[in-house]
Every structure is written in C-alpha cells, then in structure tokens.
Amino acid sequence: MSCPNFGALPLSRVQDFWFPQAFKNVAQASKNKTFDNDSFAITTTRNMDPNDGDSKTPFREQEALPEGRLTKWLAFSAFVITLASFQFGYHIGCVNAPGGLITEWIIGSHKDIFGNELSRENADFAWSVAVSVFAVGGMAGGLLSGWLADKVGRRGALFYNNLFALAAAALMGLAKSVGAYPMIILGRLIVGFNCGLSSGLVPMFLTEISPVNLRGMLGSLHQLLVTIAILVSQVFGLPHLLGTSERWPLILSFAVIPAVLQLALLLLCPESPKYTMNVRGQRETAEVALRKLRGTDDITAEINAMQAEAAIVGEQSKPSMGDMFKGTLLWPMSIAIMMMLAQQLSGINVAMFYSTVIFRGAGLKGNEPFYATIGMGAVNVAMTIISVWLVDHPKFGRRSLLITGLSGMLISTILLVGALTVQSSGVDHPIASYAAIGFVLLFVISFATGPGAIPWFFVSEIFDSSARGNANSIAVMVNWAANLIVGLTFLPINNVLHQYSFCIFSFFLAFFIFYTWKYVPETKGKSIEQIQNEFTKRR
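None of the values given here were measured: they were computed from a predicted structure.

A. Structural detail: the overall build of the chain. Of the regular secondary structure elements, the chain holds 22 helices and two strands. For the chain, long-range pairs separated by at least 24 residues make up 79% of all intrachain contacts whose partners lie at least 6 apart in sequence.

Shown next, in the form of structure tokens:
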C-alpha cells in the first residue's frame, strides 16, 4: 500500500509511535542522515516478523501522494476485471427461476440413464445438491485465490480462471442435449471454484490499481457487478424470455459470454503495479503500468511509496497460512474474518428467500411476486450504486457505513418479525403485509449501504503485499463457508422457528455492530502503516 504523508513531525503525533522505539529510531535517523532536507521527512522503520508478538508498525514519512483521477485506462481495467464479478453474481441468481423446470427434467434424465423412476423428493434433493455444491467449489477456489494471484499475477490468475468458467458453461449448457443431469452438478462445482477464485482476485486487483482516494469506490465495483448480474439472471429467468422447458439451458450456458469477453480484453490491461514491484521486483515494468493507469508521467511519489512498502516486505519472510494467525498478523486477520462473517450471517440470503413468500402474503398473485422480487433486485443495484459514491465521500468512512448498514438491518429484522407474526396470525391485516414488504426493502437497502461491498476490499486494505494473498484466501474461504452453513441450516431452523428464525440474525447483527464500533479501524484514504497504527490503538 502507499505510504502516508505526515509532513514534519509535530509533538502532538509522538503518541502515534511505539513510544520507546520512536526516540531510538529518530536518533538513528539523525546519525545515519536519513532526514530529507527538501521535504523535512523522517523515515523510521522496524523490521516486522509475523511471529514477533512485540513487533510494532513501521512508521514512514514520505512526500504527499497526488490525488488520483478516474482515467480511461483505469476505468477500462476496472470494467474488465469486474467481468469476473458479473460471472459470480450471475451464478448466484441464475438457478432460482428455472429450478422447477430443471427438477422435472432430472426425473426424466435419471430414468433414461439408470432405467428406474426417481421420486420427486429425490429429484429435489439432486437439484439441492447442484445448487449447494456451488458454495463447496467457492470455498476451494477462495482458499487458492491468494496462492494463484502470487504465483501467476493478478491478471494471469483471472485469465486462467476463465477456463474453468468455459468448462462449467459447456457442462451445464449441454447437459440437456446429452441427457445427463450429473453434468449440471459437476458444472456447478466447477463454476463455484471459478467464482471462489474471482471473489478473492477481483477486490485484490481493484484495490492494488486504485489511487488511495478512489480505493473504496473502485473496490466497491465488485459488489455492484454482483448485484447487477443477479438482477440480469432474474430477468433472463422470466417465462417469456429463457425460463421455459426448452430454453433454460441457455440460462446456464450464458457464462460463456463474460468469460470470452474477459479473456480477450485482459490482454489489454496492465498487471497490478504493486504486485509487479513488490512481488516480482520489476520496477521499470511497474512504472510503465502505473503511467498507463494514472494517465500521467508524474508518478514519482507513488512509485517511491511502493518501493518503501517493497523495502518493508523485503525485510520479512513471506508469511505462511499458519503465520496469519500469529504475532502482528493475528489481529488484522481476525478482523478480516469477522467482516466476512458479518456479511454472511446478517441474513441477507434469507431475506431474499423470504421475499417471494412475503410478496404473496401481501396479495400479489401469479407471477407478480417474481416481478416484485426483480424490483427488489433493482433496488439493491440502485443502492449499491449510491454506496459506491458514498464509500469515498469526505463525510463518510468504511466504519460509519458498516455500522449504519448493520444497524438498519438489525432494525429491519426486528420489525419484520413483528409484521410476519401479525401476517401469519390468520387475521387479515393488509397493513402488516405491506409493512413486511417495506421492511424487506429496508433490509436490502441497509445491506447495500456498506456490509455488501466493504468486506470484499477491506481485507486488501489492511495487509501489505507479503500477506495480502494469504489474507484474502482465508477471508474469502470463510465467507463461502458461512454462506454454505447458512444455506444448509436455514430450512431446518425455519421449519421449527418459522418467522422467528430472523431473531437469530438479529443477535448476530447486534454483535457485529458492537464489534465494528469497538475494533474495526477506519481505512479510507490511509496507508498500510497508518491502518496498522490504528490496529494498535484499538486492541
């Protein structure tokens, strides 16, 4: 990450140092003449070993980084990178509308293959396996995302990842023609692996190519493309489009289009300059890429900041997966995991599941609840667009948006339980039914405000280059695992608790609000050193 600019060192900021070490470092700087006469900057460092529990954050003074702007190459690169996010979101939503049609086809396919009739219950189970195995693949892909990103680069990892998407699209799209429903299960597993890799690679890549002042906005594009893709998949599933017994394979094979498009356009995108310099050690190549992304030759300050980070990284051995839970890395790793759990244990997927039931309870008939669900998806997209603007707004920050979003979700769940209780009492209460719709929409809007987008890029903001890959791998794997657990346990819990199952998520939301307020640092516009200093204050 880029280094902070504090200018000269005022006395009021002395407490930001590790106090005893600060005077030793300043004295050593004076002895070694490391004071910069032009900028009056002091550079003091202390080697950070991930296994050293007493290690403190190095403190660096450096020239001010100029504010970046959204150049044409930066915008183009962000678009190409987030095609993988579109793939992710599309496969979340594409299985909902054609589910009943595919289940009917599975019954016939099973008889053709095995010669015996498959019961409706077993066909439902086979389809449930196809849906849920997506998260299993996502866990595996998420865990390997950091390793692949460091091995072949951020751009190279996305390039190879599209091969999995093409293989999955072929399996799922041709399954009906071949008459073999296991091809859909295998395809869902492979595309889950693809999406798991993407969910780790895309936020990391976006964060590394972004100037500090646009880091939140560009990092949020991952979630924006996810929500857009979910909406597109819902529209494709409408009966008068692709949601028919003849055309549903086209829904599953659509994944070919974003995969081929990204394969072609990635060749035009520069590799992450931070990766190129800090991991590969290729300064000249990093400078060429950064000039292209920034649209200017004036990149000296940013290159020097990257070189300073590279110097710190070079003093450390690359941490292993086990090292991520030791010493100075333990605390930020714990926060990264908690942010991912806050997203998945908030109950957002349950709210989406409940939406059609709630809309039917409000008196919507026939296909109207499905159109209402699409409308809710449109609201999600609109609010995510607003959050992309808010996340780097001077009056807001990561913490404030997270706390606001989680608080709105908590209030929504409590009110929704009350409305659903009245609605299910057997007495006709139209006000309660329409109130339930309003509370679901408020829940989705609150999720889009911060908890939907911020956890994805937050991980890349709080780790330097040496640990960023491993940190993203672990955090993304936890996100997918929590997704799978919620998906597997919700229906049994709902069968027992009914609408009161939302109370479980209310408890989680209350806990995550407190945790975010107490422990999560603000990262907007800050360098990795400033963020790590903030960790020390909040522990």
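B. Fine view of the side chain of Thr71. Checked against the element boundaries, Thr71 lands in the loop between strand S2 (59-60) and helix H2 (72-81). At 3.2 Å, the side chain of Thr71 and the backbone nitrogen of Leu74 are in polar contact.

C. View of H2. Every buried residue of H2 is listed here: Leu74, Ser77, Ala78, Val80 and Ile81. End-on, the buried residues of H2 take up no more than an arc of 165°, which puts them together on one face. Looking at the buried residues of H2, the elements they touch are helix H3 (83-93), helix H6 (154-178), helix H7 (182-209), helix H8 (215-236), helix H10 (256-266) and helix H12 (283-294).

D. Inspection of the state of the cysteines at higher detail. As enumerated under the stated definition, the model contains zero disulfides in all. Left without a disulfide partner, Cys94 is nearest to the cysteine sulfur of Cys195, which lies 9.0 Å away. In this structure Cys94 comes out as buried when scored by relative accessible area, which is 1%.

E. Representation of helix H21 (residues 502-519) in the model. Spanning 18 residues, H21 covers 26 Å between terminal C-alpha atoms, matching the ideal 26 Å at 1.5 Å per step. Looking at H21, one finds that the buried residues are Phe502, Phe505, Ser506, Leu509, Phe512, Ile513, Tyr515 and Thr516.

F. Looking closely at the nonpolar core. Among the nonpolar cores identified, the biggest contains 96 residues, and Ile106, Ile184, Met333 and Phe463 are the most heavily contacted of them. Look past the residues within four positions of Ile106 in its chain and what remains in contact with it is Leu118, Ala123, Ala126, Trp127 and Tyr181. Listed in part, the 30 residues of the second largest apolar core include Leu74, Ala84, Leu206 and Leu214.

G. Representation of the pattern of salt bridges in the model. Applying the stated criterion across every chain, the model contains 13 salt bridges. Two residues, Arg468 and Glu208, come together in a salt bridge whose shortest N-O distance is 2.7 Å. Here Glu208 lies in helix H7 and Arg468 lies in helix H20 (residues 465-497), a separation of 260 residues in the sequence. Judged by its relative accessible area of 0%, Arg468 is buried. Take Glu208: its relative accessible area is 1%, and that puts it in the buried class. Ionic pairing is found between Arg291 and Glu287, a salt bridge with its closest N-O pair at 3.9 Å.

H. Region of the structure containing the confidence of the model for the chain. Scored by pLDDT, the chain has a mean of 82; 85% of the residues are at 70 or more. This stretch, residues 1-62, has a pLDDT under 50; its non-local contacts, to residues over four places away or in other chains, come to 128 contacts.

I. Inspection of the environment of Leu401 at higher detail. Within the fold, Leu401 resides in helix H17 (residues 398-423). Distance in space between the C-alpha atoms of Leu401 and Ala448 is 9.7 Å, their sequence separation being 47 residues. Discounting chain neighbours no more than four positions away, the residues touching Leu401 are Leu390, Val391, Phe396, Thr449, Gly450, Pro451 and Ile454.

J. Summary view of the environment of Ile385. Relative to the helices and strands, Ile385 is located in helix H16 (residues 368-390). The exposure class assigned to Ile385 is partly exposed, which follows from its relative accessible area of 46%.

K. Representation of the packing of helix H4 (residues 99-114) against helix H5 (residues 120-152). Relative to each other, H4 and H5 sit at 120°, their axes nearing to 9 Å. With respect to their mutual orientation, H4 and H5 come out oblique. Once H4 is placed against H5, the crossing between them reads as right-handed. In contact with Gly99, Ile102, Thr103, Glu104, Ile106 and Ile107 of H4, H5 contributes Arg120, Ala123, Asp124, Ala126 and Trp127.

L. Fine view of the environment of Leu201. Looking at where Leu201 falls in the secondary structure, it is placed in helix H7. Once the C-alpha coordinates of Leu201 and Ser473 are considered, the two residues, 272 residues apart in sequence, prove to be 9.1 Å apart. If we skip the residues at most four places from it in the chain, Leu201 touches Ser145, Ala149, Ala157 and Leu158.

M. Broad picture of the packing of H3 against H8. At a minimum axis distance of 7 Å, the contact between H3 and H8 shows a crossing angle of 40°. Between H3 and H8, the angle falls in the class oblique. In the packing of H3 onto H8, the handedness of the crossing is right-handed. Across from Ser85, Phe86, Phe88, Gly89, Tyr90, Ile92 and Gly93 in H3, the residues of H8 making contact are His222, Leu225, Val226, Ile228, Ala229, Ile230, Val232, Ser233 and Phe236. Among the residues making up the contact of H3 with H8, the classes are represented as eleven nonpolar, five polar and no charged.

N. Quick look at a nonpolar patch on the surface. On the surface, a cluster of nonpolar side chains totalling about 400 Å² of accessible area is made up of Ile493, Val496, Leu497, Tyr500 and Ile504. The element that contributes the greatest number of residues to the nonpolar patch is H20, accounting for three residues. If you trace the backbone, Leu497 turns up in helix H20.

O. Structural context of the packing of aromatic side chains. Evaluated as defined, the whole model comprises 20 aromatic pairs. Between Tyr90 and Phe254, the ring centres sit 5.0 Å apart and the planes meet at 40°, which makes this aromatic pair tilted. Residue Tyr90 is found in helix H3, and its partner Phe254 is found in the loop between helix H9 (248-253) and H10; the two are separated by 164 residues along the sequence. Between Phe511 and Phe512 the ring centres are 5.3 Å apart and the planes differ by 65°, which places this aromatic pair in the edge-to-face class. The buried category is assigned to Phe512, whose relative accessible area is 2%. Among the aromatic residues, ring-to-ring pairing joins Trp331, Phe507, Phe508, Phe511, Phe512, Tyr515 and Tyr519 into one connected group. Here the guanidinium or amino end of Lys292 rests over the ring plane of Trp73, the centre of that ring lying 4.0 Å away.

Calculation criteria
- Residues numbered from 1 in each chain as written.
- Predicted model: local features only at pLDDT ≥ 70, side-chain atom pairs only at ≥ 80, totals over all residues.
- Heavy atoms only, no water.
- Helix = DSSP H or I, 4+ residues; strand = E, 2+ residues; numbered from the N terminus.
- Contact = heavy atoms within 4.5 Å.
- Polar contact = N/O pair within 3.5 Å; in protein donor to acceptor, adjacent residues only side chain to side chain.
- Buried < 20%, exposed > 50% of the residue type's maximum accessible area, 1.4 Å probe, protein only.
- Arc of directions from axis to C-beta.
- Disulfide = S-S within 2.5 Å.
- Expected span 1.5 Å × (residues − 1).
- Core = buried A, V, L, I, M, F, W, Y, C linked by side-chain atoms within 4.5 Å.
- Salt bridge = Lys/Arg side-chain N within 4 Å of Asp/Glu carboxyl O.
- pLDDT = per-residue confidence, 0-100.
- Axes fitted to C-alpha atoms, helices over the stretch in contact; angles between N-to-C directions.
- Parallel < 35°, antiparallel > 145°, perpendicular 65-115°, else oblique.
- Left-handed = near helix turned anticlockwise from the far one by under 90°.
- Nonpolar A, V, L, I, M, F, W, Y, C, P; charged D, E, K, R; others polar.
- Patch = residues over 30% accessible without salt bridge, like charges linked within 9 Å, V, L, I, M, F, W, Y side chains within 5 Å.
- Areas by Shrake-Rupley, 256 points an atom, 1.4 Å probe, with all protein chains shown as cover.
- Phe/Tyr/Trp six-rings, centres within 6.5 Å; stacked < 30°, edge-to-face > 60°.
- Lys NZ or Arg CZ within 6 Å of the ring centre and 35° of its normal.

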